[in-house]
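Coordinate inspection notes
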Amino acid sequence: MNFKDVKLILLDLDGTLLSNEGTIGDKSRKYAKLLSDKGVVVTFASGRMYSALEQYAKELDLNCYIICSDGAIIKNFPSGEILQKIALKPQKVTKGIDLANKHVVKMVMCTEAEVLYTEHNEATKQLIDRFGAQFRLVDDYHTVNEDIIELVYVGENRQSLHEIKKNFSFPYSFGIKLTYSKSQSHYQYYLEVKRKNISKARALTELMRKLKISIRDTVVVGDWYNDVELFKTKAIKVSLANAVPEIKFLSDLKLEYSNDEDGVGELLEMIYKQKY
């Protein structure tokens, strides 16, 4: 694999850069810094919110834009400048709040930086896995219905969530994406509502436009289903040993190392030694 022209390296975090214990490998830290010092942009593309990425950006001493919330947000670390924010329209948020009240379903609202909850929904904090994101108590959801990236409903009553999903059907579903899932650990059902056409791949296009970098000079590294759109681009696609089969199938390079073996560090060393 030829990495000599690489100018941008986009890393997924969970299951990729981070070990299963949530740590960054020594080799990853070393070569991310060496590559950054040479002018290569090393950054993240993660489903996590910005506030849950800052500690890792600081650990790698990044100074660049980060793709957060699966592509809804592109935000600079450490300046905080926002390049892209794809939020739900306030009327959609209001409808979502009213549906939660009508069907007596717990709900939280996610901004680009934090998870908002009311006193009535406080128990939901324990059921919402947002990987270290900051939570903030608010008095009334209706007073904070702007700049909301995502609504997350959670409950044991599957029928109630289906009713909410049905109420978000056309024409109310225009421009939004509904994702229904079940938690194996909490025995809860989830319904996520966000703007349509949000993806890491679309965010990458915007980031490359800003940085004036070609897709051919970009490496993407991932392991999970939310990386599939990235792995359908013309970037150099690299998967770790622990990646799901769909990601491996789409990869240009399949590493023999997993995230627990600092597979990203092995890749960054390979790129650095080819280039310099």
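Residues numbered from 1 in each chain as written. Predicted model: local features only at pLDDT ≥ 70, side-chain atom pairs only at ≥ 80, totals over all residues. Heavy atoms only, no water.

**A few points about the overall build of the chain**
Stated formally: Runs of E in the DSSP output that reach at least two residues are strands. Runs of H or I that reach at least four are helices, and both are numbered from the N terminus. Between the two quantities, the radius of gyration covers C-alpha atoms and the globule rule is 2.2 Å times the number of residues to the power 0.38. Asp and Glu are treated as the negative residues and Lys and Arg as the positive ones, with His and the ends of the chain left uncounted. Working definition for charges: the position is that of NZ of Lys, CZ of Arg, CG of Asp or CD of Glu.
Scanning the chain from N- to C-terminus turns up seven helices and 14 strands. Computed over its C-alpha atoms, the radius of gyration of the chain comes to 19 Å, within 12% of the 19 Å expected for a compact globule of 276 residues. C-alpha atoms of the chain, sized along the principal axes, occupy 60 × 35 × 30 Å. Side-chain charges of the chain comprise 40 positive and 38 negative groups, with the mean position of each set lying 6 Å from the other.

**As for the pairing of strand 13 (residues 236–239)**
How we decide: Classification of residues uses two cut-offs on accessible area relative to the type maximum, computed with a 1.4 Å probe and protein chains only: under 20% is buried, over 50% is exposed, and between them is partly exposed. Whether two strands pair depends on DSSP finding at least two bridges between them. The crossover handedness rule: strands pointing away from the viewer, path from first strand over the helix to second strand clockwise, crossover right-handed.
Across the two faces of strand 13 the burial is the same, with Ile-236 and Val-238 and Lys-237 and Ser-239 all buried. Bridge count between strand 12 (residues 218–222) and strand 13: four bridges; the pairing is parallel. The partner of Gly-222 across the bridge, within strand 13, is Ser-239. Judged from the two bridges that link them, strand 13 and strand 14 (residues 253–254) form a sheet pairing that is parallel. Each residue of the ladder has a partner; that of Val-238, found in strand 14, is Leu-253. For the segment spanning strand 13, helix 6 (residues 245–250) and strand 14, crossover handedness is right-handed.

**Points about the sheet that holds strand 12**
We apply this condition: In what follows, a contact means two residues having at least one pair of non-hydrogen atoms within 4.5 Å. The axes are straight lines fitted to the C-alpha atoms, using for helices just the contacting stretch, and the angles between their N-to-C directions are given from 0 to 180°.
Strand order in the open sheet made by the five strands is 2-1-12-13-14, with parallel pairing throughout. The sheet terminates laterally at strand 2 (41–44) and strand 14, the two strands that pair on one side only. Helix 7 (residues 263–275) rests against strand 1 (8–11), strand 12, strand 13 and strand 14 of the sheet, and its axis sits at about 165 degrees to strand 12.

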